[in-house]
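For reference, the chains in residue letters:
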Amino acid sequence: MFPATEQRKHLGVLIKPASSVCNLNCTYCFYLEKDALYPWKDRPRLSLETFRTFVEQFAAVNGPNMSFAWQGGEPTVMGLDFFRHAVDEQISAAKASGPGPIWHVSNALQTNGTLLDDEWAAFLHEYDWLVGVSCDGPPEWHDHYRVDRGGRETHQRVLRGIGHLRDRKVEFNVLTVVNHVNVQRPRELFHYLVEQGFDNLQFIPLAEPLPGHSSIQDGGPSPFSITPEEYGKFLNETFDAWLAYGYERIRIRFFDNVLQMLLGLSPNVCQLAASCGDYVVLEHNGDVYPCDFFVENEWKLGNILEEPLSELVASERFRAFARQKRKLHSDCLVCRWRPLCHGECPRYRITNAGSADSTLPYFCSSYKDFYGQSFERIQAVAAEARRLRAPDLPEPSLVHADRRARESVLELEAQFAGDSVVPALKSMGRNDPCPCGSGKKYKQCCGR
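Just so we're clear, the structure is a prediction, and the values are computed from it rather than from any experiment.

Chemist: Which parts of the structure should I look at to understand the overall build of the protein?
Modeler: Across its full length, the protein holds 16 helices and ten strands. Taking 2.2 N^0.38 as the reference for a compact globule, 448 residues should give roughly 22 Å; the C-alpha atoms of the protein span a radius of gyration of 22 Å, in line with that estimate. By its C-alpha atoms, the protein is 60 × 50 × 50 Å across when sized along the principal axes. In the protein, buried positions account for 54% of the 448 residues. Long-range contacts, defined as pairs at least 24 residues apart, comprise 68% of the intrachain contacts of the protein with a sequence gap of at least 6. As displayed, the protein offers around 19500 Å² of accessible surface, 50% of which is attributable to carbon and sulfur atoms. Across the protein, 49 positive and 57 negative side-chain charges occur, with their mean positions spaced 5 Å apart.

Here's what the structure looks like:
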């Protein structure tokens with residue numbers, strides 16, 4: 001539940017080795033539309049030469065820690081041989097660093113699971129990959145939206161792929177998209193997943209505007225989207241089911257992160273952080289973007305074959321993106337729950353209102369419903385978890401979440417400036433401009 005130590009974050013990368021190419025045709029997939037940017041007819045594929053260039057640049061930025069996440073589309077369409085060679089490139093980059101700190105390289109794969117077999121599982125086990133598999137519940141719910149390109153059901157193929165992971169003892173978690181079909185029965189969904197033996201869960205709420213509209217306020221939600229009221233109820237009932245089953249027996253990523261934040265630790269999901277900017281997206285041709293939800297011409301940082309990664313992540317465009325989340329709506333500034341939300345993901349603000357600048361996210365009322373009904377119990381769980389596992393941490397409080405969020409903002413700005421975070425914190429005067437870039441005085445912003 002808790003990180004072993006609180007460490008300064010390094011830059012992560014989400015790699016799209018085949019861009020949006022996928023063997024499935026899920027109704028709600030937002031990334032399939034990237035065919036317009038990277039046409040499938042051109043057979044987008046990440047070459048080993050481009051990956052080698054990226055790894056060398058990534059090591060220079062991140063060493064001695066490198067964390068890779070692979071996603072799509074469906075990354076396994078690249079074939080297993082590509083990933084074997086990719087691991088070789090990672091190992092070579094680590095060895096080329098010469099004597100010094102021990103390098104740590106980690107890989108995570110997000111997959112629909114349908115192409116996994118024993119050979120894949122053996123590879124994933126050998127190199128200690130973490131695997132995320134998408135499953136939206138029992139067959140009648142999962143197969144409603146998650147079909148292959150021939151319109152055929154996929155649930156059984158997903159379970160077969162998971163079976164291979166289990167046989168080879170590969171660590172995996174399950175990602176469930178909360179959609180129009182499964183949102184009304186959260187307890188049944190929770191118990192189905194638990195009955196399958198899935199003990200590490202992540203729920204992603206689905207909200208998209210109708211096609212042809214810039215926001216839900218403009219044209220209404222798509223048929224597969226859920227309402228804020230539905231999601232608030234979903235969170236409360238899932239939390240109830242989680243406590244009844246035993247919070248130590250099942251990991252639910254959102255709840256775990258809330259507990260961590262109350263104890264003064266950083267969340268490990270960007271959705272809940274005070275700023276964006278802790279990872280980049282690498283497209284198959286070397287193009288780099290600041291976020292999976294913002295693979296758009298407006299936010300393209302550049303291409304690693306033309307400009308090194310170190311310059312791309314030091315660019316003003318990347319800084320502007322990282323600061324985007326801090327442009328909060330006036331309601332957020334006075335909201336009791338801001339230390340656990342920070343205006344949520346900017347994409348949900350755009351989805352709701354067409355802009356991320358000082359607007360409310362689509363699920364704002366969902367979180368107010370959840371915290372308003374369940375916060376005291378959340379705090380009690382955090383206190384018990386602290387007593388049992390991390391007694392050196394402070395008693396759970398929104399104050400600690402707020403303090404850590406402010407520190408993380410200053411740390412990020414110090415990284416942009418190329419400075420140590422300690423002088424940035426120690427030398428800041430109360431009336432100096434806040435280093436977070438808000439334009440306010442430090443005492444009126446991150447120094448409050």
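Chemist: How should the packing of aromatic side chains be read in this particular structure?
Modeler: Two descriptors summarise a pair of aromatic rings, namely the distance from one centre to the other and the angle between the planes of the rings. Evaluated as defined, the whole model comprises 40 aromatic pairs. Ring centres of W242 and F255 lie 5.2 Å apart, and the angle between their planes is 35°; on these two criteria the pair is classed as tilted. Of the two residues, W242 sits in helix α8 (residues 228-245) while F255 sits in helix α9 (residues 253-262), which places them 13 residues apart along the sequence. Classification of W242 by relative accessible area gives buried; the value is 0%. Ring centres of F294 and F321 lie 5.1 Å apart, and the angle between their planes is 75°; this geometry places the pair in the edge-to-face category. Of this pair, F294 sits in the loop between β9 (287-289) and β10 (302-303) while F321 sits in helix α11 (residues 316-324), and the two are 27 residues apart along the sequence. Comparing F294 with F321, the two get one shared label, buried.

Chemist: Help me understand the pairing of strand β4 (residues 130-134) in this model?
Modeler: Both faces of the sheet carry side chains from a regular strand, because those side chains alternate between them. Where burial is concerned, most of β4 is hidden: four out of the five residues are buried. Alignment of strand β3 (residues 104-111) against β4, held across four bridges, turns out to be parallel. Bridged to L109 within β4 is V131. Each parallel crossover has a hand, and for β3 linked through helix α3 (residues 118-126) to β4 it is right-handed. Sheet analysis places β4 next to strand β5 (residues 172-178), joined by four bridges and oriented parallel. Within β5, the position partnered with S134 by the bridge is L175.

Chemist: How should the pattern of salt bridges be read in this particular structure?
Modeler: Side chains bearing opposite charge may pair, as long as their charged atoms lie close to each other. On inspection of all chains with the given rule, the structure shows 27 salt bridges. With a closest N to O distance of 2.8 Å, R347 and E296 form a salt bridge. Placement of the pair is R347 in helix α13 (residues 346-353) and E296 in the loop between β9 and β10, with a sequence separation of 51 residues. Given a relative accessible area of 19%, R347 falls into the buried group.

Chemist: Would you take a moment to explain the pairing of strand β1 (residues 12-16) for this structure?
Modeler: Across the five residues that make up β1, a large majority, five, are buried. One ladder, built from five bridges, connects β1 with strand β8 (residues 279-283); its direction is parallel. Bridging from a neighbouring strand, G12 pairs with Y279 of β8. The pairing of β1 with strand β2 (residues 65-70) spans three bridges and is parallel.

Chemist: Hey, could you run me through the packing of helix α2 (residues 80-96) against α3 in this one?
Modeler: Two numbers describe a pair of packed helices, the interaxial angle and the distance between the axes. α3 packs onto α2 with a crossing angle of 10° between their chain directions and a minimal axis gap of 11 Å. Classified by the angle their axes make, α2 and α3 are roughly parallel. In this structure, α2 uses L80, F83, R84 and V87 to contact α3, whose residues at the interface are E119, W120 and F123. Its residues assigned to classes, the contact of α2 with α3 comprises five nonpolar, no polar and two charged.

Chemist: What exactly am I supposed to notice about the sheet that holds strand β6 (residues 200-205) here?
Modeler: Think of a sheet as strands paired side by side through backbone hydrogen bonds, with each pair either parallel or antiparallel. Read across the open sheet, the ten strands follow the order β7-β6-β5-β4-β3-β2-β1-β8-β9-β10; overall the sheet is mixed. The two strands at the open ends of the sheet, each matched to only one other strand, are β7 (251-252) and β10. As paired strands, β5 and β6 are joined by five bridges and run parallel to one another. Opposite V177, over in β6, you have I204 as the bridge partner.

Chemist: When you look at the nonpolar core in this model, what are you seeing that I'm missing?
Modeler: As a rule of thumb, soluble globular proteins bury nonpolar side chains together. One finds F68, W70 and Y371 to be the most contacted residues of the largest nonpolar core, which totals 96 residues. Other than its neighbours up to four places away in sequence, F68 contacts V13, I15, F51, F54, V55, F58, Q90, V105, S106, N107 and A108. Among the nonpolar cores identified, the runner-up in size contains 14 residues, and C276, V281, Y289 and W299 belong to it.

Chemist: Could you clarify how one ought to interpret the environment of V194 in this entry?
Modeler: With respect to the helices, strands and loops of the structure, V194 is situated in helix α6 (residues 186-195). When the C-alpha positions of V194 and I250 are compared, they lie 8.1 Å apart, and in sequence the two are 56 residues distant. In contact with V194, not counting residues within four places along its chain, are Y245 and I250.

Chemist: Just checking my understanding: could you explain helix α5 (residues 155-167) for this structure?
Modeler: At 3.6 residues per turn, the α-helix brings residues three or four places apart onto the same side. Taking 1.5 Å as the rise per residue, α5 with 13 residues should run 18 Å; its terminal C-alpha atoms sit 19 Å apart, in good agreement. Residues of α5 that are buried include every one of H155, V158, G161, I162 and L165, and no others. In an axial view of α5, the angular spread of the buried residues amounts to 125°, which keeps them on one side of the axis. Facing away from the buried side of α5 by more than 90 degrees, the exposed set consists of Q156 and D167. As for α5, its buried residues are in contact with α3, β4, α4 (139-145), β5 and α6. Following α5 by one or two positions, K169 has its phi on the positive side, about 60°.

Chemist: When you look at the environment of R249 in this model, what are you seeing that I'm missing?
Modeler: In this fold, R249 is placed in the loop between α8 and β7. Along the backbone, R249 and V194 are 55 residues apart, and their C-alpha atoms lie at a distance of 9.8 Å. Of note is the side chain of R249, whose polar atom sits 2.9 Å from the backbone oxygen of Y245.

The rules behind these values
Residues numbered from 1 in each chain as written. Predicted model: local features only at pLDDT ≥ 70, side-chain atom pairs only at ≥ 80, totals over all residues. Heavy atoms only, no water. Helix = DSSP H or I, 4+ residues; strand = E, 2+ residues; numbered from the N terminus. Rg over C-alpha atoms; globule rule 2.2 N^0.38 Å. Buried < 20%, exposed > 50% of the residue type's maximum accessible area, 1.4 Å probe, protein only. Contact = heavy atoms within 4.5 Å. Areas by Shrake-Rupley, 256 points an atom, 1.4 Å probe, with all protein chains shown as cover. Lys, Arg positive; Asp, Glu negative; His and termini not counted. Charge placed at Lys NZ, Arg CZ, Asp CG, Glu CD. Phe/Tyr/Trp six-rings, centres within 6.5 Å; stacked < 30°, edge-to-face > 60°. Pairing = 2+ DSSP bridges. Right-handed = clockwise from strand over helix to strand, strands pointing away. Salt bridge = Lys/Arg side-chain N within 4 Å of Asp/Glu carboxyl O. Axes fitted to C-alpha atoms, helices over the stretch in contact; angles between N-to-C directions. Parallel < 35°, antiparallel > 145°, perpendicular 65-115°, else oblique. Nonpolar A, V, L, I, M, F, W, Y, C, P; charged D, E, K, R; others polar. Core = buried A, V, L, I, M, F, W, Y, C linked by side-chain atoms within 4.5 Å. Expected span 1.5 Å × (residues − 1). Arc of directions from axis to C-beta. Polar contact = N/O pair within 3.5 Å; in protein donor to acceptor, adjacent residues only side chain to side chain.

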